[in-house]
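# Reading the structure
What follows is each chain in one-letter form.
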Amino acid sequence: MKPISDVVQTTPPSGIRKFFDIVSQMQDVISLGVGEPDFDTPWRISESCIFSLERGRTHYTSNFGTPELRKAISDYWQEREGLEYNWENQILITVGVSEAMDIAMRAILNPGDEIICPEPCYVSYKPCITFAGGVAVAIPSYMEDEFRVTPDLIRAAITKKTKAILISYPCNPTGATANREMLQEIVDIAKEHDLWIISDEIYDRMTYDGKHICIPTLTGAYDRTIFMNGFSKAYAMTGWRIGYACGSAEVIEAMMKIHQYTILCAPIMGQVAAVEAMKNGYADSEAMIEEYGRRRRVIVKGLNHAGLKCVMPGGAFYAFPSVKDTGLTCDEFSERLLYEEKVAVVPGNAFGECGEGHIRCSYATSIEKIEIAMERIARFISKLKV
Ligand SMILES: Cc1ncc(COP(=O)(O)O)c(C=O)c1O
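Residues numbered from 1 in each chain as written. Predicted model: local features only at pLDDT ≥ 70, side-chain atom pairs only at ≥ 80, totals over all residues. Heavy atoms only, no water.

## Considerations on the site of the ligand
In the vicinity of the ligand there are 13 residues, among which Val-97, Ser-98, Asp-200, Ser-232 and Lys-233 approach most closely. Asn-172 is positioned such that a nitrogen or oxygen atom in its side chain is 2.8 Å from an oxygen atom of the ligand. Ser-232 has a polar side-chain atom sitting 2.6 Å from an oxygen atom of the ligand. If the ligand stood free it would expose 400 Å²; the protein chains cover 93% of that surface. Residue composition of the shell around the ligand, by class: 5 nonpolar, 5 polar and 3 charged. (Near = heavy atom within 4 Å. Polar contact = N/O pair within 3.5 Å; in protein donor to acceptor, adjacent residues only side chain to side chain. Areas by Shrake-Rupley, 256 points an atom, 1.4 Å probe, with all protein chains shown as cover. Nonpolar A, V, L, I, M, F, W, Y, C, P; charged D, E, K, R; others polar.)

## Regarding the nonpolar core
Core analysis: the largest hydrophobic core is formed by 92 residues, its most contacted members being Met-105, Ile-198, Phe-231 and Ile-299. A domain split of this core shows at least three residues from each of domain 1 (6-41 + 283-385) and domain 2 (43-280). Contact partners of Met-105, with chain neighbours within four places excluded, come to Ile-115, Cys-128, Ile-129, Ala-132, Leu-166 and Ile-198. Within the second largest apolar cluster, 38 residues are counted, among which are Val-23, Ile-197, Ile-213 and Leu-218. (Core = buried A, V, L, I, M, F, W, Y, C linked by side-chain atoms within 4.5 Å. Buried < 20%, exposed > 50% of the residue type's maximum accessible area, 1.4 Å probe, protein only. Domains from an automatic or database assignment. Contact = heavy atoms within 4.5 Å.)

## Quick word on empty space enclosed by the protein
Using the criterion set out here, one finds 3 cavities of 30 Å³ or more in the structure. Counted as a void, the largest cavity has a volume near 120 Å³. Together, 15 residues line the largest cavity, and Pro-118, Pro-120, Cys-121, Ser-168 and Cys-171 are the ones closest to its centre. Those elements giving two or more residues to the lining of the largest cavity turn out to be strand S3 (114-119) and strand S5 (162-167). The biggest single contributor to the lining of the largest cavity is S3, with 3 residues. Partitioned by chemical class, the residues of the lining of the largest cavity number 11 nonpolar, 3 polar and 1 charged. (1 Å grid on protein atoms, 1.4 Å probe; cavity = no way out; pocket = protein on both sides within 12 Å on 5 of 7 lines; lining within 4 Å. Points joined across faces, edges and corners; volume = space filled by probe spheres on them. Helix = DSSP H or I, 4+ residues; strand = E, 2+ residues; numbered from the N terminus.)

## Here we look at the packing of aromatic side chains
Scanning the model with the defined rule gives 15 aromatic pairs in all. Judged by centre distance (5.6 Å) and plane angle (80°), the ring pair of Tyr-122 and Tyr-125 falls under edge-to-face. When the centroid spacing of 5.7 Å and the interplanar angle of 40° are considered together, the rings of Phe-231 and Tyr-235 count as tilted. Taken together, the aromatic side chains of Phe-39, Tyr-203, Tyr-292, Phe-317 and Tyr-318 make up a single cluster linked through ring pairs. (Phe/Tyr/Trp six-rings, centres within 6.5 Å; stacked < 30°, edge-to-face > 60°.)

As structure tokens, then:
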């Protein structure tokens with residue numbers, strides 16, 4: 001048999017998956033590993049889908065997505081941020097933000113084009129870029145700077161081949177959020193060098209301190225930004241697989257071309273449920289977000305108490321403490337913690353080289369479980385000191 005593509009072969013499997021294959025074989029593990037809400041989808045949302053199935057809504061939709069959902073998204077952003085996205089040609093419904101990211105890369109990249117990608121970052125970004133023929137240029141960020149990327153490092157990384165800057169705040173895995181000044185500086189750099197901005201704002205609603213800054217609202221950002229969001233996190237709808245991209249009619253048309261030939265349309269069931277989420281799901285989603293806010297304080301306190309330095313994450317549902325003081329690498333720490341104390345976390349280097357020395361702890365799990373996990377982590381660390 002002829003070999004599998006070089007690009008695919010040389011891309012390592014996700015550091016998260018590798019780890020969770022082990023976890024799934026073990027008993028009584030407390031998992032702080034998954035990046036998925038522990039809540040079920042609010043019932044009113046699921047029920048709306050059941051009703052629509054009973055009425056026979058089981059068919060393909062427009063390639064762009066149902067008009068109902070696109071109108072609801074357009075109205076939502078108009079009302080919330082004053083953003084004008086024409087539902088007819090500036091919004092594309094995708095199979096999660098995952099698909100939006102993939103087709104955005106394929107729509108804008110020529111072979112060898114570079115995308116600047118602050119790290120630590122979501123595990124899919126780099127593979128998406130390389131699968132689309134591009135080159136990911138990683139920009140590190142560190143705990144000392146609260147994991148905020150330094151605009152000067154972005155500026156220094158720009159070459160003739162740079163096509164876009166990829167940003168995602170609140171950040172998976174660090175929970176970092178960004179302030180207006182810093183984001184405006186990044187937008188100004190993009191403008192100066194005529195670059196696209198790809199902004200994955202899937203955790204926007206999970207911003208606990210202050211207001212989330214939505215990139216396309218910044219001066220000079222709207223025309224060059226491919227803005228992405230979805231229903232997986234804020235509405236606990238990971239399995240429904242609905243996300244969306246908003247942008248200029250030109251870029252949305254380009255993305256739609258790929259979507260049309262490869263996906264056809266996002267699942268109608270998910271689209272129906274997403275309309276209900278947009279129209280009537282806000283309060284349910286707020287209740288879940290408030291609970292994440294409470295858990296955030298419990299986990300950070302517990303980690304610090306156990307002896308791991310951890311900055312208070314401003315958003316998402318992850319804490320990213322340092323394990324450097326234990327003298328273990330993040331892989332050693334995570335593996336030993338799993339086998340010795342049955343707590344699953346994700347080694348920070350799964351999110352980029354500069355994540356070495358950290359672990360990602362998700363607090364999308366109950367306070368009771370978080371408290372037990374913190375006791376186990378404290379015990380694990382005290383044993384290391386003996
Ligand atoms: C930053 C970020 N973007 C995108 C995704 C994927 O989201 P979706 O379920 O909409 O494909 C995730 C999932 O963990 C994520 O953390």
